[in-house]
Amino acid sequence: MQHKHTILILVLLLTSLLLPALELDVKNEIPAYQNLTVKLTPGPSEGTVKEARFFFYQTGKREPLYSEFNEERGIWVANIPYTYLTEEELVYFAVMQNTDGTVFRTPQIGEQKARLVHDTTPPKLKLVSPKSADLVLGKEQVVIFEVIDESALTNFSITLDGQEATRSGVFNQYLSFIVTPEGKEESIAVISMTDRYGNTSTEEIRFTVKAEKAPMFMASGDYRTNVELEYILGLGKSANTSDITTVLNDQDHQLNLTFELGGDAYLKAGPVGLEVLGTLKDTVSVFDITEAYPNTLQADLQNILNLYNPIDFANEFDYTGEEPRKFDNDNQFLVKVSFFGPALTYQFGDQKTTFQKETIKDLGFRGTSIGLDLGFLELKVGKGLTDLGLYQVAWPQNFFGFQFAIKVKKAWYLQTNVSFISALQGRYTDLKQSGATSDIGTLYDLSGILPDQNMVFGLSTGHANKYFSVDASFSLSLYNENAGTIVDVNQLATDLENQGGPDLGTYVGYLDKIHAVFPILDYFLPSNGLVSGIVDKDLWGISYGVEAKVPKLGIQAWIRKTDATYKSLGSSLATDEFTFGSTVEQRYGDFSFRGGYSFKMDNIADILFNDIIALVKPDLAPTSTPTAADISNIVHTVQAGVDTPQHKLLGTLGFDYTFAYETTNAEALAKDAADAATETAIKTSTDNDTTLSHTGELRWRSARYKIGSVTTNFGAKTKDSYVTKHTVDGTADGTTFWELGYALSGSVNFSRYTLSLGFDQTWSTEPSSLTSFGYDAKFGIKETFFDTINFTASFDQAFRASLEAYKVTGSFALEKRLGLITVSTNLDVSFYDSLLDDSDDAITSTLTVKGVFSK
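It should be emphasised that the depicted structure is a prediction, and the values quoted were computed from it without experimental measurement.

Caption draft 1: Just the packing of aromatic side chains, in detail. One pass over the full model with this rule turns up 37 aromatic pairs. On the basis of an interplanar angle of 20 degrees and a centroid distance of 4.8 Å, the ring pair of phenylalanine 580 and phenylalanine 599 is categorised as stacked. Taken together, the residues span a long stretch of sequence, with phenylalanine 580 in strand 33 (residues 577-588) and phenylalanine 599 in strand 34 (residues 591-602) at a distance of 19 residues. Residue phenylalanine 580 is classed as partly exposed on the basis of its relative accessible area of 29%. Through a chain of ring-to-ring contacts, three or more aromatic side chains come together here, namely Tyr742, Phe759, Trp763, Phe773, Tyr775, Phe795, Phe799, Tyr806 and Phe831.

Caption draft 2: Focus on the sheet that holds strand 13 (residues 141-148). In spatial order, the strands read 11-13-17-16; together these four strands make up an open sheet with antiparallel pairing. Pairing within the sheet leaves two strands with one partner each, and these edge strands are strand 11 (124-129) and strand 16 (168-171). Each adjacent strand pair in this sheet contributes to an overall mean axis angle of 25 degrees, direction not counted. The pairing of strand 11 with strand 13 spans five bridges and is classified as antiparallel. Within the sheet, the bridge partner assigned to lysine 124 lies in strand 13 and is isoleucine 148.

Caption draft 3: Up close: the packing of helix 8 (residues 489-498) against helix 11 (residues 528-536). Contact geometry for helix 8 and helix 11: axes closest at 10 Å, N-to-C directions at 25 degrees. As the angle between them shows, helix 8 and helix 11 are arranged roughly parallel. Considering only the axes of helix 8 and helix 11, their crossing is right-handed. Across the interface between the two elements, Leu492, Asp495 and Leu496 from helix 8 touch Leu530, Val531 and Ile534 from helix 11.

Caption draft 4: Spotlight on a nonpolar patch on the surface. Nonpolar side chains collect at one region of the surface, where Val272, Phe339, Phe340, Leu344, Ile370, Leu379, Val381, Phe402 and Phe404 lie side by side and expose about 730 Å² of accessible area between them. When contributions to the nonpolar patch are tallied by element, the ones reaching two or more residues are strand 26 (377-387) and strand 27 (397-408). By secondary structure assignment, the location of leucine 379 is in strand 26.

Caption draft 5: Region of the structure containing the pairing of strand 4 (residues 49-56). Of the pairings in the sheet, the one linking strand 4 to strand 8 (residues 89-98) comprises seven bridges and is antiparallel in character. Bridge pairing in strand 8 places phenylalanine 54 opposite alanine 94. Here four bridges tie strand 4 to strand 5 (residues 65-68), and the two strands are oriented antiparallel to one another. Considered in strand 5, the bridge of phenylalanine 56 is made with leucine 65.

Criteria and thresholds
Residues numbered from 1 in each chain as written. Predicted model: local features only at pLDDT ≥ 70, side-chain atom pairs only at ≥ 80, totals over all residues. Heavy atoms only, no water. Phe/Tyr/Trp six-rings, centres within 6.5 Å; stacked < 30°, edge-to-face > 60°. Helix = DSSP H or I, 4+ residues; strand = E, 2+ residues; numbered from the N terminus. Buried < 20%, exposed > 50% of the residue type's maximum accessible area, 1.4 Å probe, protein only. Pairing = 2+ DSSP bridges. Axes fitted to C-alpha atoms, helices over the stretch in contact; angles between N-to-C directions. Parallel < 35°, antiparallel > 145°, perpendicular 65-115°, else oblique. Left-handed = near helix turned anticlockwise from the far one by under 90°. Contact = heavy atoms within 4.5 Å. Patch = residues over 30% accessible without salt bridge, like charges linked within 9 Å, V, L, I, M, F, W, Y side chains within 5 Å. Areas by Shrake-Rupley, 256 points an atom, 1.4 Å probe, with all protein chains shown as cover. Salt bridge = Lys/Arg side-chain N within 4 Å of Asp/Glu carboxyl O.

Okay, here's the thing in structure tokens:
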């Protein structure tokens, strides 16, 4: 019996030694994607806690990491961020010291383990703001999503309508980006996310874009004030010289006043809205103020009186008793009345309009416009002056245009537009008289400047859905560069018929009827220049093409043909080219890939006769044989590129490769030559060259390195080409050479000081090519008595066999802000020395002192 008691006592003693002295509430399975909170509960025998630590191990570290226990409302708690829970299991122990200095450990021997549970669920999004998937048209707004995921995001990308959203970010469990919807009824956001466990997901969110719902009554207003006085002293500007005395005596003084004073107001009551804007803005030499004013304001007033009544055409074209505009200004005024939002609008003043990118795009004019937008139907009508005219410099330029469009929701549209933009000479009935001259041309003293006129017609249609969009367009222009001699339209028809043209008598009758209702001949005056343009076949021009987009895949494809005589004074469009191709741009993770192919051909023949009439009536197609003047340059281009994500240490890399094959159609033309001499002239033309080039461009931009208060960043790039001249002037050549170049840059910021340095070099292995070196430096100081102080310097050299020229430039700038007033000074000095021709040597200097008041 005693033996049994002894055994029992030994077992109890051993068990008490093996039991943990402290209690930790660590479960056997712990979510590795959540912060871990550990509670320490000492037993009665351990006494009162003085300090305690929770130790845990991580791979690659010999010593354990630890977190201190802190007392929170009588409970000792240690917090371990989830970023430390990266292993498959948590190996841990705890140590406590009580107020008596006794140390306790749990477990007393070895460590305890808990399984770390990893996240396997892809992240999801929940829209937080706005409450519904609706965006306001034309307004900058923040879109916020809650990221529903057990772990944090490590990577994300956002594209808005196929374009990368650069203003975006993640904070805690919320993802946000900034968007300003423009001109679309729907905006598509594609968001790709990756969490710290590699779980990925992509969500597409479709936002409906609506006009902002304004309250029943609203009133607002604002004003702007800005005055700037600038003095400029130029030295050595009138002629090249390196003689200091001559430079100092060659002085040019300017004292310019720039001012802006304006405001705007908006008032809405029910369905009616009124917007008024007015700004007086100009830059004028102080020495010209008495000549510029009140002339420039009087000219603005004359414009208003001539144009305020859109149906008073007689007043619009009559400049009798007016003063010519002798100085330009940037004054603006606008009155806009709207009914039921954009359903019906009326505008008078300075405004812009767009019909079709090939005809009228962002055309600014002073005048009147009316817009009707019923969703399924749109109508725009505008008339006024696109150029206000300038004494002895430019004709006033008149504009009239309209656009009509129908839509079937978002799926399909069809629109057409017609516009006239012409030098404002006066009314047709006055100018068609024999020997009549333009009173406006006389008023503005424009006898040496030819008045031109332009008419453009456009037609386009398209379809769009959530997968792709396709748009097709056609445009026709009539451009007459010399509309100075006005003739009766009946005489014009007779002259054309005498030149072998068709009988236009019936159409002239229709034109007279139209002119009796709307003065179309005042906007596009019949002139002898029209006859010359028709005879020379350079009056008309045509452009047509198709464009397709697949936003999700980043694909864009196009084909367009525009002849050399196409011209629109209301749009900027590349002419005299036939081009087609496709590009693709995609993001995979944080990598951006792009590629594409394009074909481009110039010297495009008249599309009307060679394409359209030849198709409809082949017997009317041109039959002339080709000559060397018909040679077209043809360029095939293949491009591919990639940009890497920003690395916190290595920065980012970008690479682009381009292959270009430049040739001509000379061989094809030579086959159709009328004789051997013409064939030889085509083949041996100086335009008949074939060149192949391979170009690679590598760019590197470092991360931003920070050590204490010092931050640095660096950059480097190189662009190199290998060129092969396959044929020169139609003769086999085979010459090859390299075109090489690179650039280095770096900057250092320390407290208030900034230093930037740069170097670049370009050279070629082609004989007699130029080699250039460039050195740049900039040093800046901020937050002294002056807000900014900047010094810049550059040194450029040009070599062939030896140094041929060099240029040294430098500048010094100061700026000081005193509340609403800013004062600045800038001094630029330049010295150019040519070792080949001393007459090119030059020293120039410019001192600019400026004071600005702005509110």
